[in-house]
Amino acid sequence: MQEKIIILDFGSQTTQLIGRRVRELNMYCEIVPYNKFPHGDESVIGVILSGSPFSVYDEKAFKVDLSGIRGKYPLLGICYGAQFMAYSNGGKVEPAGTREYGRANLSTFDAENPLLKGVSANSQVWMSHGDTITAIPDNFKIIASTEKVAVAAYQAVGEKLWGVQFHPEVFHSVDGTQILKNFVVDICGGKQDWSAASFIESTVAQLKEQLGNDKVVLGLSGGVDSSVAAVLLNRAIGKNLTCIFVDHGMLRKNEFKNVLHDYECLGLNVIGVDASAKFFGELAGVTEPERKRKIIGKGFIDVFDAEAHKIEDVKWLAQGTIYPDCIESLSITGTTIKSHHNVGGLPEKMKLKLCEPLRLLFKDEVRNVGRELGMPEHLIKRHPFPGPGLAVRILGDITPEKVSVLQEADDIFIQGLRDWGLYDQVWQAGAILLPVQSVGVMGDERTYERAVALRAVTSTDAMTADWAHLPYEFMAKVSNDIINKVKGVNRVCYDISSKPPATIEWE
Ligand code: XMP
């Protein structure tokens, strides 16, 4: 049985990061909403309580009865998790005078405590909290303090229950990984038996059993997730898997041809469908971003569905859904900023059984599985690319001519990033065709042509992003090449907005 740590999610931005850090220790874990502990699951060996946007004394604060958990499993509360356990046992939590945000140091701590074993003197930790624990319950003891925070960490005396006010999961907590390791390995007794190889072995066996001799279809996008899902399924069921790769006409330059070739080299049974005429037709004259997204989403489903029906007796639809897509969101606002198109509406339309072999993996784990399966590095490290493709990077209406202008500019930018060794340093990059013309001069001629914006961002999960600080020499070269080589473009700008408040894609 695959042993696991349960992470109770109280809605913190860093909950997923806790999960990733635990997985990096080769320990399997699952993130569940704070009130959905899997009672009765015998593979659970320990529990972590996450942070939260709320204060424990807020009316809306997420509260949970830990009586069925405490004493049965080791517990570690992080930030709100720590405050909640202190508060609900008679301790005191109060607003900190000023919100504590950023680096602090553990000025004193109990180096003998099992949670803090191996932590270095004056260790730097990352704080991010508006409240602070001002008194701990009677049977708790303080095991670490910073200059400003007396209760930086505590333990319930004689119990396997700890709380830390800081965030060990955040990179800036230099001994954070050590602390998490102390918890999951030494305290919970985790065997650290989770790896890409073990995942592949057990998943291939499970898929063989689950799918038997059934036929499966899968939509490929060229992206990492669907590609890895396909190769994994191919290993399990070979030719019973048919992959469908739809070209909506708004992919990057040569992308359709190149990616199709990659897929064939990987031994996948893949059908490439050129549906660009249909999409250009339906998109003609449409300028509103959400409308574009909806048209492409629906068009994709129709094409995929028609193609899949040509295969006899298909029983399953496979998708490259990954863990962050599945974690039940405790989203407090619920606003849709953009409707993402991938294969969102497919399962309902096709009435097939759903197979999602990567649904428990984080992105970096998907990449490791891909590597372990022998996939080429350029497929594994490919930047994310939106399902609607260049359609959301052409502001205003879309025409085949605009697509080809943008493809050329984008290609110069992306190839430049590769040539200059910058490609792997950015999360994603691309060019945007702006709906404006401006005056320029070429030779002795006046020009009145289009402007292209370049966007390159650094990020870890696309939830937040910063603009990439690319070298000026590189930008100068790319700008020059684009203006000289791409007919119809006489101006290049660089997008220096972070997310939030801007998004990564312009539409
Ligand atoms: P935004 O623009 O919301 O993008 O900051 C966040 C990430 O999502 C990608 N993106 C999409 N991915 N289908 C996708 O698969 C889509 O419809 C879609 N729209 C945006 C975007 O490229 C970035 O990585």
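If you're wondering where the values come from, they're calculated on a predicted model, not measured in any experiment.

Side note on the overall build of the chain
Point 1. A tally of regular secondary structure across the chain gives 14 helices and 19 strands.
Point 2. Scaling as 2.2 N^0.38, a compact globule of 507 residues should have a C-alpha radius of gyration of about 23 Å, and the chain matches this with 26 Å.
Point 3. Its C-alpha atoms put the chain at 80 × 60 × 40 Å along the principal axes.
Point 4. Taken over 507 residues, the chain has a buried fraction of 56%.
Point 5. In the chain, of all internal contacts separated by at least 6 residues, the share reaching a separation of at least 24 is 75%.
Point 6. As displayed, the chain has an accessible area near 22700 Å², and 50% of this comes from carbon and sulfur atoms.

Observations concerning the layout of surface pockets
Point 1. Approximately 380 Å³ is the volume found for the second largest pocket.
Point 2. Forming the walls of the second largest pocket are 15 residues, and the residues nearest its centre are Phe 199, Thr 203, Gln 206, Pro 357 and Leu 360.
Point 3. Among the secondary structure elements, those contributing two or more residues to the lining of the second largest pocket are helix H4 (196-211) and strand E15 (353-355).
Point 4. At 6 residues, the largest contribution of residues to the lining of the second largest pocket is made by H4.
Point 5. Taken together, the residues that form the lining of the second largest pocket break down as 8 nonpolar, 5 polar and 2 charged.

Considerations on unusual backbone geometry
Point 1. Pro 500 follows Lys 499 through a cis peptide bond whose omega is -15 degrees.
Point 2. The residue after Pro 500, namely Pro 501, is reached through a cis peptide bond having omega 10 degrees.
Point 3. The backbone of Asn 254 shows a phi angle near 60 degrees, a positive value even though the residue is not glycine.
Point 4. One can find Asn 254 in the loop between strand E12 (241-247) and helix H6 (255-265).
Point 5. A positive phi angle, near 55 degrees, is found at Lys 351, a position not held by glycine.
Point 6. As for its placement among the helices and strands, Lys 351 is situated in the loop between helix H10 (346-350) and E15.

Thoughts on the pattern of salt bridges
Point 1. The full count for this structure, using the stated rule, is 26 salt bridges.
Point 2. A salt bridge links Asp 364 to Arg 20; the nearest nitrogen and oxygen atoms lie 3.7 Å apart. Placement of Asp 364 in helix H11 (residues 363-372) and of Arg 20 in helix H1 (residues 15-24) is noted, with a sequence separation of 344 residues between them.
Point 3. Across the pair Arg 23 and Glu 365 runs a salt bridge whose closest N-O atoms are separated by 2.6 Å. Residue Arg 23 is found in helix H1, and its partner Glu 365 is found in helix H11; the two are separated by 342 residues along the sequence. Each member of the pair, Arg 23 as well as Glu 365, carries the same accessibility label: buried.
Point 4. Each member of the salt-bridge network shares a partner with another, and the members are Arg 371, Glu 377, Lys 381 and Asp 424.

What about the domain arrangement of the chain?
Point 1. When cut into domains, the chain gives domain 1 (4-187), domain 2 (196-380) and domain 3 (399-494).
Point 2. On a C-alpha basis, the centroid separation for the pair domain 1 and domain 3 is 45 Å.

Parameters and conventions
- Residues numbered from 1 in each chain as written.
- Predicted model: local features only at pLDDT ≥ 70, side-chain atom pairs only at ≥ 80, totals over all residues.
- Heavy atoms only, no water.
- Helix = DSSP H or I, 4+ residues; strand = E, 2+ residues; numbered from the N terminus.
- Rg over C-alpha atoms; globule rule 2.2 N^0.38 Å.
- Buried < 20%, exposed > 50% of the residue type's maximum accessible area, 1.4 Å probe, protein only.
- Contact = heavy atoms within 4.5 Å.
- Areas by Shrake-Rupley, 256 points an atom, 1.4 Å probe, with all protein chains shown as cover.
- 1 Å grid on protein atoms, 1.4 Å probe; cavity = no way out; pocket = protein on both sides within 12 Å on 5 of 7 lines; lining within 4 Å.
- Points joined across faces, edges and corners; volume = space filled by probe spheres on them.
- Nonpolar A, V, L, I, M, F, W, Y, C, P; charged D, E, K, R; others polar.
- Salt bridge = Lys/Arg side-chain N within 4 Å of Asp/Glu carboxyl O.
- Domains from an automatic or database assignment.

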